[in-house]
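Okay, here's what each chain looks like letter by letter:
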Amino acid sequence: MILDLTGVRALVTGGTRGIGKAITQMLAAGGARVAINYKSKSGPADDLSRILGERHFEHMMLRADVTQERAVGTMLKRISESWKGLDLLVLNHGIWEEGILGQMNLADWRDTINTNLTGAFIVANECVRLMLEEEATVPKRIVFIASSAGIRGEAEHIHYAASKGGMIAMMKSLAVELAPHGFTVNAVAPGWIETDMTTEHLAKDGMRETITGRIPLRRIGTPEDVASAVLFLASRQAGFINGHVLRVNGGETL
Ligand SMILES: NC(=O)c1ccc[n+]([C@@H]2O[C@H](COP(=O)([O-])OP(=O)(O)OC[C@H]3O[C@@H](n4cnc5c(N)ncnc54)[C@H](OP(=O)(O)O)[C@@H]3O)[C@@H](O)[C@H]2O)c1
């Protein structure tokens, strides 16, 4: 049986680069229509739009900072006008900054919490109204992209770990709250994945070898490793999985 998303209308936040780009491409290849959000970098957005267009995949690119309620409202209005509804929300946007207690300031803390956690709330809050508006013809799904940091914590990134732990708690709450409406709500928690977010860190002297040595499968993950998990959770085949955190980390954090 193949995973088929025909008829699914999806929104992926931060969907133009790294993990989000792989998710977008995999959902589109699975038959979904994809609305792809990004904050400001139009180069990667244009490139992805061209790639999807060449394969005749129905998509729209939506520039909006997820921390700005009005911009998110405008984004949802466009989706609503074009597609009249929404079935799948993937909350993937995120930032990963250094954050050491005693060395960071309140603005650093707020920036990460605001982007990762409050941004997820703002988008989910707007989307759920649209997702609840009509009788479901395909399963309704929300997938949060959390992190190993949200499960085991992360030294020197305390605001990031707190934001991802908060996302997992929000996911579990929504899994129960939205189940009567036929939704499933889950999270994927990636470990080390090769993207723009991690390039600089992995390039530090000896870092790649150190990190790879801690991962039982002895490799850094790819964006496609994460996207495959999202595709599964979005599919009909995952219909009885609700409130789960799916680790995609090569066995590093159990
Ligand atoms: N890479 C890893 O090792 C790893 C591990 C665990 C979890 N994760 C999580 O996986 C997700 C994707 O990570 P990635 O590595 O693919 O990151 P990335 O390559 O840095 O891409 C981040 C994406 O998020 C968008 N974004 C950032 N802030 C935004 C905002 N305020 N509003 C709207 N979009 C925003 C960016 O848009 P622009 O292009 O316009 O900037 C970009 O599309 C994140 O939530 C991250 O925390 C990653």
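Residues numbered from 1 in each chain as written. Predicted model: local features only at pLDDT ≥ 70, side-chain atom pairs only at ≥ 80, totals over all residues.

Overview of the overall build of the protein chain
Scanning the protein chain from terminus to terminus reveals nine helices and seven strands. Taken against the 2.2 N^0.38 rule, which gives 18 Å for 254 residues, the C-alpha radius of gyration of the protein chain at 17 Å falls within 12% of a compact globule. If one aligns the C-alpha atoms of the protein chain with their principal axes, the spans along those axes are about 50 × 40 × 40 Å. Every one of the 254 residues in the protein chain was classed for burial, and the buried ones make up 44%. Counted over contacts in the protein chain with a minimum sequence separation of 6, partners at least 24 positions apart contribute 75%. (Helix = DSSP H or I, 4+ residues; strand = E, 2+ residues; numbered from the N terminus. Rg over C-alpha atoms; globule rule 2.2 N^0.38 Å. Buried ≥ 20, exposed ≤ 12 C-beta atoms within 10 Å, placed from the backbone. Contact = placed C-beta atoms within 7 Å.)

What about the nonpolar core?
Within the largest apolar cluster, 66 residues are counted, with the highest numbers of intra-cluster contacts made by Ala-10, Leu-27, Val-90, Phe-144, Val-188 and Val-230. Sorting elements by how many residues they give to this core places helix α4 (residues 106–132) first, with eight residues. Here Ala-10 is in contact with Leu-27, Ala-32, Arg-33, Val-34, Ala-35, Asp-87, Leu-88 and Val-90, once residues within four sequence places are set aside. (Core = buried A, V, L, I, M, F, W, Y, C linked by C-beta atoms within 7 Å.)

A closer look at the site of the ligand
Among the 32 residues in the neighbourhood of the ligand, the closest are listed as Gly-14, Gly-18, Gly-94, Thr-195 and Met-197. Counting only elements with at least two residues in the shell around the ligand, the list comes to α1 (18–29), β2 (33–38), α4 and α7 (196–202). Residues of the shell around the ligand, tallied by class, amount to 11 nonpolar, 16 polar and five charged. (Near = placed C-beta within 6 Å. Nonpolar A, V, L, I, M, F, W, Y, C, P; charged D, E, K, R; others polar.)

Let's talk about the packing of α4 against helix α6 (residues 158–177)
Running from N to C, α4 and α6 cross one another at 20°; their axes reach a closest spacing of 9 Å. Compared by their axis directions, α4 and α6 come out roughly parallel. In terms of crossing hand, the pair formed by α4 and α6 is right-handed. Here Asp-108, Trp-109, Thr-112, Ile-113, Asn-116, Leu-117, Ala-120 and Phe-121 of α4 come into contact with α6, specifically with His-159, Tyr-160, Ala-162, Ser-163, Lys-164, Gly-166, Met-167 and Met-170. Among the residues forming the contact of α4 with α6, the class breakdown is nine nonpolar, five polar and two charged. (Axes fitted to C-alpha atoms, helices over the stretch in contact; angles between N-to-C directions. Parallel < 35°, antiparallel > 145°, perpendicular 65-115°, else oblique. Left-handed = near helix turned anticlockwise from the far one by under 90°.)

Considering the packing of helix α3 (residues 69–83) against α4
Where α3 meets α4, the axes come as close as 10 Å, and the angle between the chain directions of the two elements is 30°. Comparing their axes, α4 and α3 come out roughly parallel. Read as a crossing pair, α3 and α4 show a hand that is right-handed. Contacts between α3 and α4 pair Glu-69, Val-72, Gly-73, Leu-76, Ile-79 and Ser-80 from the former with Ile-122, Val-123, Glu-126, Cys-127 and Leu-130 from the latter. Residues that form the contact of α3 with α4 fall into these classes: seven nonpolar, two polar and two charged.

Digging into the sheet that holds strand β7 (residues 245–248)
Read from one edge to the other, the open sheet built from seven strands follows the order β3-β2-β1-β4-β5-β6-β7, with strand pairing classed as parallel. Edge positions in the sheet fall to β3 (59–63) and β7, since each of these pairs with one other strand and no more. Neighbour to neighbour, the strand axes of the sheet diverge by 15° on average, direction disregarded. In this sheet, β7 lies alongside strand β6 (residues 183–190) in parallel orientation, the contact comprising four bridges. Residue pairing for β7: Ala-189 is matched across the bridge by Arg-247. Those strands touched by α4 are β1 (9–12), β4 (88–91) and β5 (140–145), and its axis lies near 180° from that of β4. (Pairing = 2+ DSSP bridges.)

Focus: α4
The α-helix advances 3.6 residues per turn, and as a result positions three or four apart in sequence lie on the same side. An ideal rise of 1.5 Å per residue puts 39 Å on 27 residues; α4 measures up with 36 Å between its terminal C-alpha atoms. For α4, the principal kink sits at Asn-114 and spans about 40°. (Expected span 1.5 Å × (residues − 1). Bend = angle between axes of the 7 residues up to and from the residue.)

Digging into the environment of Phe-183
Within the secondary structure layout, Phe-183 lies in strand β6. On a C-alpha basis, the gap between Phe-183 and Met-131 in space is 9.4 Å, while along the polypeptide they are 52 residues apart. Excluding residues within four positions of it along the chain, Phe-183 makes contact with Lys-140, Arg-141, Ile-142 and Leu-178.

Quick look at unusual backbone geometry
Apart from glycine, the bulk of residues carry a negative phi angle, and the bulk of peptide bonds sit in the trans form. At His-56, a position not held by glycine, the phi torsion is positive, near 60°. Inspection of the secondary structure assignment puts His-56 in the loop between α2 (42–54) and β3. Phi is positive for Glu-156, close to 70°, though the residue is something other than glycine. Tracing the chain through its elements places Glu-156 in the loop between α5 (149–152) and α6.

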